[in-house]
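Close look at the chain arrangement
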Amino acid sequence: MRLAGLKSVDNAHDDSVWAATWVPATADRAALLLTGSLDETVRLWGSDELSCVATNAGHCLGVVSVAAHPSGVIAASASLDSFVRVFDVDHNNTIATLEAPPSEVWQMQFDPKGTTLAVAGGGSASVKLWDTAEWKLIASLSIPRPEGPKPSDKNANKKFVLSVAWNPDGKRLACGSMDGTISIFDVPRAKFLYHLEGHFMPVRSLVYSPVDPRVLFSASDDGHVHMYDAEGKSLINALSGHTSWVLSVDASPDGAAIATGSSDRTVKLWDLKMRAAMQTLSNHADQVWAVAFRPPGGPGVQAGRLASVSDDKSISLYDYS
């Protein structure tokens, strides 16, 4: 696999772009790129031409995360204003508004079946699960606090939850914390299982392999990307090559590669058989907050796409086949 620059949009937002994901194609339209920015807006972009097809101004502070339902019909955005807004993709109508205490909504993701939205709970050291039929809070998965007679506030805050990822069958949920630990939950039983260790700085992004439910990838401020056997509780490999924080990781639909974005301003493509970076792209002038592979399928889709977004307000789109 090789990436080739396809299109870039400068000033795609009026401020830093912190979040990006693909809204899956429906029977009536191709996939759309969904982005969220510190300019308080969420925008939808045409799949190849990167033309802005909708702007959503429903938040009153910066948008830190966006998520798309597997049906491609609805999506959600989380903001520093402590609200999650769920909306109809094609009509931009608000379906639900989920409220949380301050600093309690960070990264989020719909489960593979689309029945549950998981939201990283920040300072509460938990992940909140919302039912997508009635938009009710159905569970709060708490990460065990540090052991000791009297944990200090400093230690407690290190469990601040930043990132979440569902495994392909929706039975396991991983979440990354400020202290570098990754917590694994059994969702049907709402039970904490164990920690995965190896990072020593915040884990800002997680993704499971789409072809192997055991394999989990993590991106950390320590500059490393880890590949875990999340069932065997073991570190398979540590990938190094970025010169600063790794802010985002995503897996290609065929499971053969991952892409990462970093505060070193680059996007890297990693070959998982070689377990090495095979390409480094320097399209952005500032740190890269999100990378996202387009899901397969949709009208007339032939080649693959990867998108990246940055503090420089731009979006870049790459082709791969």
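Residues numbered from 1 in each chain as written. Predicted model: local features only at pLDDT ≥ 70, side-chain atom pairs only at ≥ 80, totals over all residues. Heavy atoms only, no water.

**Examining the overall build of the protein chain**
Looking only at helices and strands, the protein chain features one helix and 28 strands. Principal axes of the C-alpha set define a box for the protein chain whose edges measure 55 × 45 × 35 Å. The proportion of buried residues among the 321 residues of the protein chain is 57%. Within the protein chain, residue pairs in contact and separated by at least 24 positions form 44% of the contacts whose partners lie at least 6 positions apart. Distance between charge centres in the protein chain, computed from 27 positive and 35 negative side chains, equals 6 Å. (Helix = DSSP H or I, 4+ residues; strand = E, 2+ residues; numbered from the N terminus. Buried < 20%, exposed > 50% of the residue type's maximum accessible area, 1.4 Å probe, protein only. Contact = heavy atoms within 4.5 Å. Lys, Arg positive; Asp, Glu negative; His and termini not counted. Charge placed at Lys NZ, Arg CZ, Asp CG, Glu CD.)

**Some remarks on the UniProt feature "repeat: WD" (unreviewed entry) in the protein chain**
According to UniProt, the feature "repeat: WD" (unreviewed entry) maps to residues 10-55, 56-97, 154-195, 196-238, 239-280 and 281-321 in the numbering used here. Structurally, residues 10-55 comprises 0% helix and 48% strand, and the distance from its first C-alpha atom to its last is 16 Å. Along residues 239-280, the helical share is 0% and the strand share 57%, with 14 Å between the first and last C-alpha atoms. (UniProt positions renumbered as here; feature names shortened; annotations may be inferred.)

**Notes on the side chain of S248**
Along the polypeptide, S248 turns up in strand β22 (residues 246-251). In this structure the side chain of S248 is engaged in a polar contact, spanning 3.0 Å, whose partner is the backbone nitrogen of V291. (Polar contact = N/O pair within 3.5 Å; in protein donor to acceptor, adjacent residues only side chain to side chain.)

**Examining the environment of A120**
Within the fold, A120 resides in strand β11 (residues 116-120). Take A120: its relative accessible area is 0%, and that puts it in the buried class. A sequence separation of 118 residues divides A120 from R2, and the C-alpha atoms of the two residues are 33 Å apart. Sequence-distant contacts of A120, that is, excluding residues within four places in its chain, are made with E104, V105, W106, Q107, S126, V161, L162, S163 and V164.

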